[in-house]
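The chain contents come next:
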Number of protein chains: 2
Amino acid sequence: MSLVVVGSVAYDAVETPHGRVDRMLGGSGTYIALAAGCFTQAAVVAVVGEDFAQEDIDLLASRNIDLEGLERVPGKTFFWSGVYSEDMNDRSTLRTDLNVFADFNPKLPERYRSQPYLVLGNIQPALQRSVREQMSGVRLVGGDTMNYWIRDYREELLGTIRDWDFLLINDSEARMLSGEHNLRRAAKVILDMGPNTLVIKRGEYGAMLFRRDSYFIVPGYLLEEVFDPTGAGDCFAGGFIGYLAERGVDLKSGNVDRRDLSRAVIYGSVMGSFCCEKFGVDRFRTLTRDDIEIRFREFRNFTEF
Amino acid sequence: MSLVVVGSVAYDAVETPHGRVDRMLGGSGTYIALAAGCFTQAAVVAVVGEDFAQEDIDLLASRNIDLEGLERVPGKTFFWSGVYSEDMNDRSTLRTDLNVFADFNPKLPERYRSQPYLVLGNIQPALQRSVREQMSGVRLVGGDTMNYWIRDYREELLGTIRDWDFLLINDSEARMLSGEHNLRRAAKVILDMGPNTLVIKRGEYGAMLFRRDSYFIVPGYLLEEVFDPTGAGDCFAGGFIGYLAERGVDLKSGNVDRRDLSRAVIYGSVMGSFCCEKFGVDRFRTLTRDDIEIRFREFRNFTEF
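For clarity, every value in this text was computed on a predicted model and none was experimentally measured. (Residues numbered from 1 in each chain as written. Chains lettered and ligands numbered in written order. Predicted model: local features only at pLDDT ≥ 70, side-chain atom pairs only at ≥ 80, totals over all residues. Heavy atoms only, no water.)

**Student:** Describe in detail a negative patch on the surface, supporting the description with residues and values.
**Tutor:** All names here are of chain A. A cluster of acidic residues, Glu86, Asp87, Asp90 and Glu204, forms a negative patch on the protein surface. Checked against the element boundaries, Glu86 lands in the loop between β7 (79-84) and β8 (91-97). Residue Glu86 is classed as exposed on the basis of its relative accessible area, which comes to 67%. (Patch = residues over 30% accessible without salt bridge, like charges linked within 9 Å, V, L, I, M, F, W, Y side chains within 5 Å. Areas by Shrake-Rupley, 256 points an atom, 1.4 Å probe, with all protein chains shown as cover. Salt bridge = Lys/Arg side-chain N within 4 Å of Asp/Glu carboxyl O. Lys, Arg positive; Asp, Glu negative; His and termini not counted. Charge placed at Lys NZ, Arg CZ, Asp CG, Glu CD. Helix = DSSP H or I, 4+ residues; strand = E, 2+ residues; numbered from the N terminus. Buried < 20%, exposed > 50% of the residue type's maximum accessible area, 1.4 Å probe, protein only.)

**Student:** Could you give an account of the environment of Glu225 of chain B, with specific residues and numbers?
**Tutor:** Secondary-structure assignment places Glu225 of chain B in the loop between β14 (214-218) and α8 (232-247). Through-space distance from the C-alpha of Glu225 of chain B to that of His181 of chain B is 31 Å; in sequence the pair is 44 residues apart. For Glu225 of chain B, the residues in contact, after removing those within four places along its chain, are Asn182 and Arg185 of chain A together with His18 and Cys276 of chain B. Of the polar contacts made by the side chain of Glu225 of chain B, one reaches the side chain of His18 of chain B; its length is 3.3 Å. (Contact = heavy atoms within 4.5 Å. Polar contact = N/O pair within 3.5 Å; in protein donor to acceptor, adjacent residues only side chain to side chain.)

**Student:** Any details on the interface of chain A and chain B? Residues and values, ideally.
**Tutor:** Between chain A and chain B, the contact holds 36 residues from the first and 36 residues from the second. Interface area for chain A against chain B, summed over the two sides, is near 3,400 Å², with a carbon-plus-sulfur share of 52%. Summed over the three residues of chain A that lose the most area to chain B, namely Leu222, Glu224 and Phe305 of chain A, the buried surface amounts to 28% of that side. The salt bridge involving Glu224 of chain A is made with Lys188 of chain B; its shortest N-O contact spans 3.0 Å. Applying the counting criterion to the chain A and chain B interface returns 16 residue pairs in polar contact (both at pLDDT 80 or more). At the level of secondary structure, the elements contributing two or more residues to the side of chain A that touches chain B comprise α6 (171-178), α7 (183-191), β13 (207-211), β14 (214-218), α9 (258-275) and α10 (289-303) of chain A. (Buried area = accessible area lost by both parts, 1.4 Å probe.)

**Student:** Lay out the sheet that holds strand β3 (residues 19-26) of chain A with the relevant residues and their values.
**Tutor:** Residue and element names in this part refer to chain A. Here four strands make up an open sheet; going across it, the order is β3-β2-β7-β8 and the pairing mixed. Two strands bound the open sheet, and with one partner strand each, they are β3 and β8. Each adjacent strand pair in this sheet contributes to an overall mean axis angle of 15°, direction not counted. The pairing of strand β2 (residues 10-16) with β3 spans six bridges and is classified as antiparallel. By the bridge assignment, Asp12 is partnered in β3 with Met24. (Pairing = 2+ DSSP bridges. Axes fitted to C-alpha atoms, helices over the stretch in contact; angles between N-to-C directions.)

**Student:** I'd like to hear about the packing of aromatic side chains, residue by residue, with values.
**Tutor:** Inspection of the entire model under this criterion finds 37 aromatic pairs over all chains. Where Tyr205 of chain A meets Tyr205 of chain B, the ring centres are 3.6 Å apart and the plane angle is 5°; that geometry is what we call stacked. On the criterion of chain membership, the pair formed by Tyr205 of chain A in the loop between β12 (197-201) and β13 and Tyr205 of chain B in the loop between β12 (197-201) and β13 (207-211) is interchain, its members lying in two chains. For the residue pair Tyr205 of chain A and Tyr205 of chain B, the accessibility class agrees, reading buried in each case. The interplanar angle of 85° and the centroid separation of 6.3 Å between the aromatic rings of Phe305 of chain A and Phe216 of chain B together place this pair among those described as edge-to-face. (Phe/Tyr/Trp six-rings, centres within 6.5 Å; stacked < 30°, edge-to-face > 60°.)

**Student:** Can you tell me about the sheet that holds strand β7 (residues 79-84) of chain B, naming the residues and giving the values?
**Tutor:** Residues and elements named next belong to chain B. Sheet architecture is open: four strands sit in the order β3-β2-β7-β8, paired in mixed fashion. Each edge of the open sheet is held by one strand with a lone partner, namely β3 (19-26) and β8 (91-97). Neighbour-to-neighbour, the strand axes of the sheet open up by a mean angle of 15°, direction not taken into account. Both strand β2 (residues 10-16) and β7 contribute to a ladder of five bridges, which runs parallel. Bridge pairing in β7 links Val14 to Gly82.

**Student:** Talk me through the pairing of β12 of chain A; I want residue IDs and the actual numbers.
**Tutor:** Residues and elements named next belong to chain A. Counting buried positions along β12 gives five out of five residues, so the element sits mostly inside the fold. The side-chain alternation of β12 yields two buried faces, one formed by Thr197, Val199 and Lys201 and the other by Leu198 and Ile200. Judged from the five bridges that link them, strand β11 (residues 166-170) and β12 form a sheet pairing that is parallel. Counted as the bridge partner of Leu168 is Val199 from β12. With four bridges connecting them, β12 and β13 associate as antiparallel partners. Following the sheet pairing, Val199 is matched in β13 by Leu209.

**Student:** Describe the pairing of β13 of chain B, with residues and values.
**Tutor:** All names here are of chain B. Within β13, five of the five residues are buried, leaving the element largely enclosed by the surrounding structure. Side chains Ala207, Leu209 and Arg211 of β13 all project onto a buried face; the interleaved residues Met208 and Phe210 project onto the opposite face, where all are buried too. Counting the residues in the hairpin turn of β12 and β13 gives five residues, including Gly203, whose phi is positive at 60°. Counting the residues between successive antiparallel strands, the hairpin from β13 to β14 contains two residues.

**Student:** Residues and numbers for helix α7 (residues 183-191) of chain B, please.
**Tutor:** Residues and elements named next belong to chain B. Considered for burial, the residues of α7 that qualify are Leu183, Ala186, Ala187, Ile190 and Leu191. Along the axis of α7, the buried positions cluster into a sector of 130°, meaning they face one direction only. Along its buried surface, α7 packs onto β11 (166-170), α6 (171-178), β12 and β13. Between the side-chain oxygen at the start of α7 and the backbone nitrogen of Arg184 there is a gap of 2.9 Å, and the oxygen is on Asn182. (Arc of directions from axis to C-beta.)

Right, dumping it as structure tokens:
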């Protein structure tokens, strides 16, 4: 194992124009770990309730994920339900039952604490920070956040991301965090907040990576059918960090190979695109490294000139 | 000369968050010709009124544009005014005075009729068709259209684009024309309407090119300041067709070099990005081929992996 993933492991109910599922495995920690597990062994730190099904444990374990950090406590697993608009660019949350996640206070198993890579899914900044502090000698740390923490927990969030290597957010979050509409200027402001690398996800329009001395942009993959976009951003994060961990990249280094960074963005995009092809985590039941490499080459084919 | 451009030559009044200009040279024919003129000599076919200024004639003539087809008639030049939203993603038309453009009935000078390249700016489909019919032995023809013609002149438009090599529209127009929201499927439907090449402009998100056997996508250039987006789509068209004309590409050929196509999309994107850097056509007063090549290489730098 080289990568520790902290986030939610949940059950979701999702309705899209292509159908509806009343209960399926979800959560940011789940999606990040499933995507990262395609590149390196990932350890997931999360909490679930007594209702968490053995088949879901089995799926995670079968996908290169270490589960010692998955705590099971009395009560029910975090539950979220949402419905997507006709064009799937918007979604409304119908219900959020935090359940056992309300008291989540991540404690890392001893053997996780010395791992070199850490990715923090979108949870409260103070929890992200407490996990960071439990890790000794971590080489690369980064994560996600959202509008709610940016708006209402700004100081806590700024204190948390100050020593992160990368921050991975979407375009509207980047605008909110920086106070700049123009993304090139927003990136400059955010890089002054601490992270040496900023990744901005743009959904169907792709993604961008910014460092002080360079930037990289990739358009989104054109799927013929988007069945369910739930988890696509987290799968992006998992592919991105999973590839960096596989390559042993240190983002703090002054001479990071630019190709490692841009390829990590491509692998993130590849994993996000696979995620949308089926409901929930279903695509990960059969996804192979060959499938991933074929799509990576497709990205090269449709962007090269 | 190798390329004939048909479109409007107009005066615009534009207000953006960066300022306001009450009267400046504009029009689809103007922007297309200015951008294409950076690659090949372009001949413009349009009509202006007695108020059309000598300095505007001089600018066009100085930028590699043949003006024999620019007809001057009694009356006033086409006038358009519009105002952009704060983020410049939307604009409202305040006024459209067709003036002499209302009776525009393009008649091509004799020496234009045998040119190999023809691009038709966004004008009434019947006029586009009449120009096409005046050209003998044209090797490559294509152009633009808009929601108004797609909705209210559908049959006329379909008859017009049937023998075009390329159609160049934006994403919402592609969705409207095809009846498909998904752009990959929209492209298939549109390629069945006649054109062998479809270019979809996505504004700040870049552009895509589709043919039956391949596609290419480029993200948009990240400007730090967008002063005025007026004409950016037409400059894209001018860069695209100008480069194809310079290279002597025949899109009907079964073995078109894929790199010629993707580079034409990049040059289109380069010209669109320059257009936004100043108000109206101002960037074209000083733009050099060196500037263009430097930005082309920038595109390579931020997309290569």
